[in-house]
Structures are given as structure tokens and as C-alpha cells.
Amino acid sequence: MIQLFRGKYFLKILFIFCTSVVSLTLCLSLTLYLISDAHLERQKIESNLEVVGQIKERIENELDFIQSGISETIVNRDVIQALYNKQLENDYEKIVPLNQKLINTTLILKNVYSADLYLPSSQLLISSINGATSFNNLSTQKKELYQTVQALRKPYWNFNSPSTSTNVISFFQPLPVGSNFPQGYFSIHIHDALLLTILDNASLSKAGDYYVMRRNERIMLHKDKEKVGMASQLPSEFTTRILTGSEVGYYKHPTEDKLLFYGRISDNDWVIVYEIPESTLQAGNSLGFNMVSATGMGLVLAIAITLICTTYLYSPLHRRLEALTKPTNSLIYNEWTLLDSVSQGEKERIVELSTKVKEHQEQLLDAFLVRSLLGTQDLFHHNRESALFKHLQDKYPAVLVIEVEKYKGSEQKGNQFIMDMKRICRDASKQYDVKAVCVPIHDSQQFAVILPFKKILTDPEKHDIILSLAEKIQQSIQKELLLQISIGIGTLQERFTDLRSSYLEAMEALQLRLVKGNNRVISFEELRYTDPLQYPYSIEGKIIKALKNDHEQAYIDHFDQFVDHLKDQNCNPESIYHAFSMLYSSLYRALDEHNAVDNFTLDQFYPVLHQKKSLRELKKWFKSEILLEFLEKAEQLSENRSGQKIQKVMDYLQDHVTEAHTLTSVSDYFDLNASYLSRLFKQSTGKSFVQYLTELKIQVAKQLLTESNLSVSEIAAHVGYTERTFSRAFKKITNTTPANYRLKHK
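These lines cover the structure that appears in this document, whether it is placed above or below. (Residues numbered from 1 in each chain as written. Predicted model: local features only at pLDDT ≥ 70, side-chain atom pairs only at ≥ 80, totals over all residues. Heavy atoms only, no water.)

Let us now look at the packing of aromatic side chains. Aromatic ring pairs are described here by two measures, namely the spacing of the ring centres and the angle between the planes. Per the counting criterion, the structure on display carries 20 aromatic pairs. When the centroid spacing of 6.4 Å and the interplanar angle of 70 degrees are considered together, the rings of phenylalanine 559 and phenylalanine 580 count as edge-to-face. Remark: phenylalanine 580 occurs in helix 18 (residues 573-592) and phenylalanine 559 occurs in helix 17 (residues 552-567); sequence separation between them is 21 residues. Like phenylalanine 559, the residue phenylalanine 580 is buried in the burial classification. (Phe/Tyr/Trp six-rings, centres within 6.5 Å; stacked < 30°, edge-to-face > 60°. Helix = DSSP H or I, 4+ residues; strand = E, 2+ residues; numbered from the N terminus. Buried < 20%, exposed > 50% of the residue type's maximum accessible area, 1.4 Å probe, protein only.)

With that out of the way, let us pick up helix 7 (residues 236-244). Where helix 7 is concerned, the buried positions are Phe238, Thr239 and Ile242. Each buried residue of helix 7 sits inside an arc of 100 degrees when the element is viewed along its axis, so together they form one side. Along helix 7, the residues that are exposed and aim more than 90 degrees away from the buried face are Ser236 and Thr244. Buried residues along helix 7 sit against strand 7 (209-214), strand 9 (248-252), strand 10 (258-264) and strand 11 (270-277). (Arc of directions from axis to C-beta. Contact = heavy atoms within 4.5 Å.)

Moving on, we come to the pairing of strand 9. Here strand 9 shows one buried face, formed by Gly249 and Tyr251, and one open face, formed by Val248, Tyr250 and Lys252. As paired elements, strand 9 and strand 10 share five bridges and run antiparallel to each other. From the neighbouring strand, lysine 252 faces strand 10, where its bridge partner is leucine 259. Taking the residues between adjacent antiparallel strands as the criterion, strand 9 and strand 10 are bridged by five residues. (Pairing = 2+ DSSP bridges.)

Time to look at the nonpolar core. Side chains of a nonpolar character, in soluble globular proteins, are inclined to be buried together. Of all hydrophobic cores here, the largest spans 51 residues; its most connected members are Ile55, Ile126, Phe186, Ile188 and Trp270. Among the elements that take part in this core, helix 1 (residues 8-69) stands out by supplying eight residues, more than any other. Excluding its chain neighbours within four sequence positions, the residues that come into contact with isoleucine 188 are Ile66, Ile70, Thr105, Leu109, Val112, Ser114, Ala115, Ile169, Ser170 and Phe171. Core analysis: the second largest hydrophobic core is formed by 35 residues, Ile539, Leu547, Phe559 and Phe580 among them. (Core = buried A, V, L, I, M, F, W, Y, C linked by side-chain atoms within 4.5 Å.)

Moving on, we get to helix 4 (residues 92-108). The terminal C-alpha atoms of helix 4, which comprises 17 residues, lie 25 Å apart, in line with the 24 Å expected from a rise of 1.5 Å per residue. For helix 4, every residue scored as buried is listed here: Ile95, Leu98, Asn99, Leu102, Thr105 and Thr106. Buried residues of helix 4 fall within an arc of 115 degrees about the axis and therefore sit on the same side. For helix 4, the exposed residues lying more than 90 degrees away from the buried face are Glu93, Leu107 and Ile108. Where the residues of helix 4 are buried, they touch helix 2 (71-74), helix 3 (77-83), strand 1 (112-119), strand 2 (124-127), strand 3 (131-134) and strand 6 (184-191). (Expected span 1.5 Å × (residues − 1).)

The tally for this structure, following the rule as stated, stands at 18 salt bridges. The partner of glutamate 352 in a salt bridge is arginine 349, and the shortest N-O contact between them spans 3.5 Å. Pair noted here: glutamate 352 and arginine 349 are both in helix 9 (residues 335-359), with a separation of three residues, about one helical turn. In this structure, the salt-bridge partner of lysine 687 is glutamate 695, at a minimum N-O distance of 2.5 Å. With a relative accessible area of 26%, glutamate 695 lands in the partly exposed category. (Salt bridge = Lys/Arg side-chain N within 4 Å of Asp/Glu carboxyl O.)

Bringing the pairing of strand 14 (residues 446-453) into the picture now. Strand 14 sits mainly inside the fold: eight of its eight residues count as buried. Of the two faces of strand 14, both are covered, the one formed by Gln446, Ala448, Ile450 and Pro452 as well as the one formed by Phe447, Val449, Leu451 and Phe453. Pairing of strand 13 (residues 437-440) with strand 14 involves four bridges; the strand directions are antiparallel. Among the inter-strand pairings, cysteine 438 is bridged to a residue of strand 14, identified as valine 449.

To continue, consider the side chain of glutamate 275. Turning to its location among the elements, glutamate 275 is positioned in strand 11. Within polar-contact distance, the side chain of glutamate 275 engages the side chain of lysine 258 at 3.3 Å. Glutamate 275 has contacts with Gly208, Asp209, Tyr211, Leu234, Lys258, Leu259 and Leu260, leaving out every residue within four places of it along the chain. (Polar contact = N/O pair within 3.5 Å; in protein donor to acceptor, adjacent residues only side chain to side chain.)

Taken together, the side chains of Phe15, Ile16, Phe17, Tyr312 and Leu313 make up a nonpolar region of the molecular surface, amounting to roughly 600 Å² of accessible area. Elements supplying a minimum of two residues to the nonpolar patch: helix 1 and helix 8 (287-324). Looking at the nonpolar patch, the element that brings in the most residues is helix 1, giving three residues. Take leucine 313: it is sitting in helix 8. (Patch = residues over 30% accessible without salt bridge, like charges linked within 9 Å, V, L, I, M, F, W, Y side chains within 5 Å. Areas by Shrake-Rupley, 256 points an atom, 1.4 Å probe, with all protein chains shown as cover.)

As summarised here, the arrangement of the five strands in space is 8-7-11-10-9, forming an open sheet in which the pairing is antiparallel. Looking at the sheet topology across the chains shown, the edges are occupied by strand 8 (219-222) and strand 9. Between one strand axis and the next, the sheet turns by 25 degrees as a mean value, whatever way the strands run. Bridge count for strand 7 against strand 8 is three bridges, and the pairing is antiparallel. Residue pairing for strand 8: valine 212 is matched across the bridge by leucine 221. Lying on the sheet, helix 6 (residues 193-201) is in contact with strand 7, strand 8 and strand 11; it crosses strand 8 at an angle near 60 degrees. Against the sheet, helix 7 contacts strand 7, strand 9, strand 10 and strand 11, and its axis sits at roughly 30 degrees relative to strand 10. (Axes fitted to C-alpha atoms, helices over the stretch in contact; angles between N-to-C directions.)

Another aspect to go through is the environment of leucine 743. Looking at where leucine 743 falls in the secondary structure, it is placed in helix 26 (residues 738-745). The class for leucine 743 is exposed, based on a relative accessible area of 69%. The spacing of leucine 743 and threonine 706 is 37 residues in sequence and 8.7 Å in space, taken between C-alpha atoms.

Among the secondary structure elements, histidine 189 is positioned in strand 6. Here the side chain of histidine 189 touches serine 187 through a polar contact of 3.2 Å, side chain to side chain. With sequence-adjacent residues up to four places away left out, histidine 189 is seen in contact with Asn111, Val112, Tyr113, Ser114, Asp116, Tyr146, Asn160, Val168, Ile169, Ser170 and Phe172.

The subject of this paragraph is the packing of helix 16 (residues 537-548) against helix 17. It is the contact of helix 16 with helix 17, at a shortest axis distance of 8 Å, that shows an interaxial angle of 160 degrees. Here helix 16 is positioned roughly antiparallel relative to helix 17, judged by the angle of their axes. Handedness of the crossing formed by helix 16 with helix 17: left-handed. The residues of helix 17 that touch helix 16, namely those facing Ile539, Lys542, Ile543, Ala546 and Leu547, are Ala554, Tyr555, His558, Phe559, Gln561, Phe562 and His565. Looking at the contact of helix 16 with helix 17 residue by residue, the classes come out as eight nonpolar, three polar and one charged. (Parallel < 35°, antiparallel > 145°, perpendicular 65-115°, else oblique. Left-handed = near helix turned anticlockwise from the far one by under 90°. Nonpolar A, V, L, I, M, F, W, Y, C, P; charged D, E, K, R; others polar.)

At a closest axis distance of 9 Å, the pairing of helix 10 (residues 361-373) and helix 14 (residues 499-510) adopts a crossing angle of 70 degrees. One finds that helix 10 runs roughly perpendicular with respect to helix 14. Handedness of the crossing formed by helix 10 with helix 14: right-handed. Contacts between helix 10 and helix 14 involve Leu369, Ser372 and Leu373 from the first element and Leu499, Arg500 and Tyr503 from the second. Partitioned by chemical class, the residues of the contact of helix 10 with helix 14 number four nonpolar, one polar and one charged.

All chains considered together, the criterion is met by zero disulfides. Distance from the sulfur of cysteine 438, which forms no disulfide, to the nearest cysteine sulfur (cysteine 425) is 4.0 Å. Judged by relative accessible area, which is 3%, cysteine 438 ranks as buried. (Disulfide = S-S within 2.5 Å.)

Spelled out as C-alpha cells, the structure:
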């Protein structure tokens, strides 16, 4: 570890990292402090605004509940009639129900002090507490209150003190409701404790002060009863703001350390005011101390991490120095100077390796080209600047694929064979001013010849030149190496990076050998002039019919017609493969109708099909492997079906032995050919139809002769004979007459 601190480069990066980390940590901490402080202050303000808004909403809900609670009373018919009764003061029977109605109203609502009904026409005040009182007997305070209400002529909330110990909030409703000329006033008086409870239960700071005031700045609700009725002493600009601004907001006191939050009660002249010292926004906030502590710990941790990271990042260089140079005793050393001391040796090593690469350049190029052609690596994109490809980058490539089909002499393999193929391709391409590159693809059975043209050729020109060059290569290989080969020609590409495209086209062109045969030069262009396959459905039907009828020669002959039809078609190889697949499927279905096959060569058919390179090879394989196997299955099926048919005929003859039968009548009954039925009888029973029927009738006659009392003529008639014919047939089979047979066996 101590050795690390002796390097100048290490000390430099350690100093730079530490300086950067410390500066970044301090800037980040300061920024986070400022952002967090402003955010926390704003969060507390929003929290207080939310609380004031909730108080405002709860008070409004309570006031709305009170007004809705008196709705039934103010529209009561007795109350409305009392408004116009000037003699009500003397009508006790009508006052009592009204008083009871007021009492019931106080029972519906909570925290109600009293409910009153003031009737100016009769100068009468009916109260749920005091009953009916003449207006002249009311206190001066109450007279002035009702005179004020009478002058306003609209619903009105007010604060008053009916006694020294009681503060109430009163709601006055002119009657009838909605009239511009009220005839009376209903009032409900609620203890101020109802609204104080809402304020006390709110999440308000104990360091703050809260109250409800009116527009005239008089406090009408306060936890300190002595302040009720006093002026709020708020700045005039604040009063103006809360009366004209939003329903909920806050204001910073211009001269004092206060924040004033307010909420204006809708449809009323009340304002909720919540005062808190501005310093409470920071009270108990140790953010600054916490940030300093966190910054200090962060700096210590950052420096430690920086040291670890610097050591980790520097360690590869340190290990490299230890591996390349000898230990030094100087207190401070320069790493780069030490590295320069060994760079010369590395350069010499590079020169040596470059020389070896040049010596094996051809082998490397072959390997890279093969991997690119087969698509295992996109070498031209990743090695664009390599010296191996520089001579190919600006060329226009075309690819020939040579496939060895047959050795006329001994089989040739090994490096010498590959070198001979390369030489022949190079020599053949020289006269076309092209440096052909020949590379083996699959075990020396397939070669790819890359033709890098210096310029893009016109369509007729490039086709003729490439075709002529391919034919010359084929002739040279056949002459010198005694090989039968086919060559597929890919199209000329405009970029060398598209080399694989030309290779795939050449491979696809080789498949045309299926149609054109072996030992051919086939261009990809020829695939464009193929026709759609005209599938020989009629010949297929004849093949299937011959298979079902067990006509082996016709079966083979029709298949030969099927192949000849495909040979005459100018179609692509896939169409040929598809035609054989369709024939195979039709033969399979023909036997599968009778459950005669069970996965019959199905798994092996399709892979083997595409391995066949010529139509001749395909025909030979299909005829020897597929057709004969289907024929064997069909013969087994035919034997089983023949046995079933003959058994049905025999059962029928036994059940109808007393009837007259001929070969023609029975074959017509079973919808069979008479000759076919006769042949089936001979094959199955070893007897002719007539012989089998005669023996069956004689067998029945024997049973009648021994078990019944019928005469010989009656028995003969019963089994379908005349007596003379019956006797002759009976004696021929049993060597005795019917009468003697009866005497002997009865």
C-alpha cells in the first residue's frame, strides 16, 4: 500500500479526486439545505392553510345544519298564522302550541340556548325559555337587537350575551321566508361553546392565537371571553385583504414577527383568524445542524471512498508496472517514464507478429471469408480497416459455389486437393482481370469462389462474363481433377459487405439441379424465369386407384408418368419437393381412411426428401422406399377387406339357403363384379361358388332327412332343387341316394 503513494501519477489523481469530491459534496449539501429549508417552510404554511380551511368548512357545516334544523319550524302553518294575528297576546290556546314548537326545535339541535319567535304585529316575543313576553317588557339590549334585525329585513347572524355568564351566537330569520316585508322573526341562540370546540379540536399551535371576528373587526368568538367584543387591532391592509382576497389565505405582519392565516365564512361576515409567530416555522427545526453533521460525515466517507476507488483504479497500472519493471528505490517515481522504458520492446514484438500475420495472410483470409459466408460473424463491418480486406473493400463481388458430385478417378481430399482447386480458379479468372479467391466450405465437397470485380458491370455484360468464367472453371476441374461438379452462380453485389447475399443466391441456384440434373452451371437468374407448377391431379388419382385396386404395374407406370410430367415443367425446386409431398400425403390419406397406417414413415419422409439433389435421385428413392412400402400396406389391407366381403356372402347364403341363387344374383346383391366374387370364393374357400352353394344345400338336406318326416321331393323343393336334380347332386357329394341316407342315419 505504501508503494502506491510513491507514484506521481497516483498522487495527482488522488488529489484531483479528493478536491472534486469535497467541492461537489459541499455544493450538494448547501443546495439541499436551501431547498429543504424552503420546502419545509412552505410545507408548514400549507399545513396551516389546510387546517384553517378545515375549520372554516366545519363551521360552515355547523351553521348550515342549524339553518336546516329550523326549516320545519319557520314554515309551520301555526307559525305563519301567528304572524298576522294581532290579538295573539290574549289568545293563550294559540301561544302554547307555538311555545311547544320552539321547545321541540331546541331539542333537535345541540348546544341550543333558546329559540324565540318575535311578532311585531302583536308586540309579542315567544321564547322556549321564558314563554310569551310583551315587547315592552323586554330589556333595552334585547329591544335594540330586534330593532336592528327588523331594520335589516334579511337573515342575520349576530353575537350577544343574554347573561353575564353566557355568550351565544344568534341566527335571525325573517318570516315569511323570502318576503321583502317580514311580519315576524324567528331566532335560534347557540352557545358559543359549539364553535369553540371546533377551534379547540383543530391542530393549531399552542403558541398561536385564534378567534372569529366580524367585518367590523370586532372579535365575536375567542377562547378568552374577556376579548370577546373587543377590536382585533389588525392592520387595515390585512383587513382589506381578507375581505377582498381568496376565502383562505395568509398574510405576513408588516411590523411584528407574525403570520396571520384567515378563512372567510361563506354567506356571512365572519372571518376565522389564526396568528402564529413566524419563528415557529423554524422552531424545533434542527435542519441546519443535521445538514452540517451529515456533510461532515459525508466528507469523511467521500474521502475514504475516493481513496479506495483511486487505489482500485490505479491497481492495474501498479500491477503492470510491477510485472514490466524492476522495483525502484526512489521515494517518488514517474510511472509513465517506467512504461516508456519497456515500450520499445513491445514495438519490436508487434513488428514480429505483423510479419507472421503476413506470412499466414491467405489462411486467415480464407477463415474470415468462410465465417462471413456462413453468417457466423459479420467480419467486414468489424474489421473494415484490416489489411486482410483492404484489397477487397472497393470491389463488386459475385460468388460461385462449386459442389463435387462424382469422382471419375480416385476420391481426392486433403491440402493438395484444396491447393489444386485454388490454382485452377485463379488461372481461369486471370483472363477476365479478376483475382478469384477460392475457399473450402464443407469437407472439401463444396467450395466458394469469390470474384471481386473492379467495376460494376451492366446486366447483359455481367451475366455473360460470370457465366463464361464459371463454365471455364468447370471444364478445367473436369479435365485436370477428373471431377463431376455443378456450379451455382450468385448475382453481382454493389458492396463487398453483401458478400453473403450472393453466396446464398448461389446455394439456391444449385437447388435447380433437381430440375436440370447434375454436372450443370446454374445461375440465380434462371430462378426468375420458372413457371408455377401445374400439379397432375389426374395422374395422382390414377396412382391412388391402382394402389387401392392392388394393380402393382399400373401403380408404378402411373408414378413414372407423374415424374415425367414434373420433368416437363419449368418450375423451381421447391415446387418439385412440394409435388412429391402432396403425392405422399394423398397416398397416406388413402390408406389412413382404413386405419392401415400408423405414423407410416411420416417422421423420416420430409428430412430425407430435401436431401435429394436431382429428380432422378428423387424418383429412385421415392419408388424404392415409399411406393413399395405403401403397396405392401395396401396389399395387407386388400386381403383383410376381401376376407370380410366373402364372409358376408357366406353368411348371406347360409341365412337364405332355401332360395334360388346364382353367381350373378349374389354379386348384384352385394354390388360386386361376378368374376371378382368367383375369384374371392376360390381364394378364400378353395371351392367355386357353385360347389360351395351345392355343399351348403346338401348339408341342410341331410339335416332334414334325419330330423323331419318330409318326403324327398319336399326336401328337394325346400332347398331349391327338383327331385331329379336333387338326387343327382346329393349322390355326387355323399355317394348315396337321399332315401338310403335317411334309412342309414335316421
